[in-house]
Amino acid sequence: QVQLVESGGGLVQPGGSATLSCAASGIIFRFYTMGWYRQAPGKERELVAWIASGGNTKYVGSVKGRFTISRDNAKNTVYLQMNILKSEDTAVYYCNAIDEGYAYWGQGTQVTVSS
């Protein structure tokens, strides 16, 4: 059974930082491209960042220079370090694992940026 479990969300002040974690089980983690998506109220889910099995990364324009995605294959975990958070970063953040047409999602973790 595949499980992706996100953690690290919560309430953060504008300009602050937070780190999301996603622990995977039931997959051969090192083979998977791992991604973070987010969905704000009333909006479609959008890609935030992904990291390939080989370590290449990609970011959506609005988070470039502020967010960093990383992975620890020994811990089967992917991280999203978020800095200089803005109100528009408020969303439910989802972890995603994809490999050769198989895709899995976590349950999501809420990040609210507000003073």
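This structure is a prediction, so every number in the text was calculated from the model and none was measured. (Residues numbered from 1 in each chain as written. Predicted model: local features only at pLDDT ≥ 70, side-chain atom pairs only at ≥ 80, totals over all residues. Heavy atoms only, no water.)

### Quick look at the pattern of salt bridges
Note that side chains of opposite charge can pair when their charged atoms are close. Applying the stated criterion across every chain yields a total of three salt bridges. For E46, the salt bridge goes to R38, with nearest N and O atoms at 2.7 Å. Note that R66 and D89 form a salt bridge whose closest N and O atoms lie 2.8 Å from each other. Residue R66 is found in the loop between β6 (57-59) and β7 (67-72), and its partner D89 is found in the loop between β8 (77-82) and β9 (91-99); the two are separated by 23 residues along the sequence. By the burial criterion, R66 is buried, and D89 matches it. Taken together, the shared-partner salt bridges in this structure form one network comprising R38, E46, R66 and D89. (Salt bridge = Lys/Arg side-chain N within 4 Å of Asp/Glu carboxyl O. Helix = DSSP H or I, 4+ residues; strand = E, 2+ residues; numbered from the N terminus. Buried < 20%, exposed > 50% of the residue type's maximum accessible area, 1.4 Å probe, protein only.)

### Quick notes on the nonpolar core
Among the nonpolar cores identified, the biggest contains 28 residues, and M34, W36, V78, L80, M82 and Y93 are the most heavily contacted of them. Those elements giving two or more residues to this core turn out to be β3 (18-25), β4 (33-39), β5 (46-51), β7, β8, β9 and β11 (109-113). (Core = buried A, V, L, I, M, F, W, Y, C linked by side-chain atoms within 4.5 Å.)

### Observations concerning unusual backbone geometry
Even without a glycine there, the phi angle at N76 is positive, about 50 degrees. The topology assignment puts N76 in the loop between β7 and β8. Since its relative accessible area comes to 26%, N76 is described here as partly exposed. Of note, the phi angle at E100 is positive, near 50 degrees, even though the residue is not glycine.

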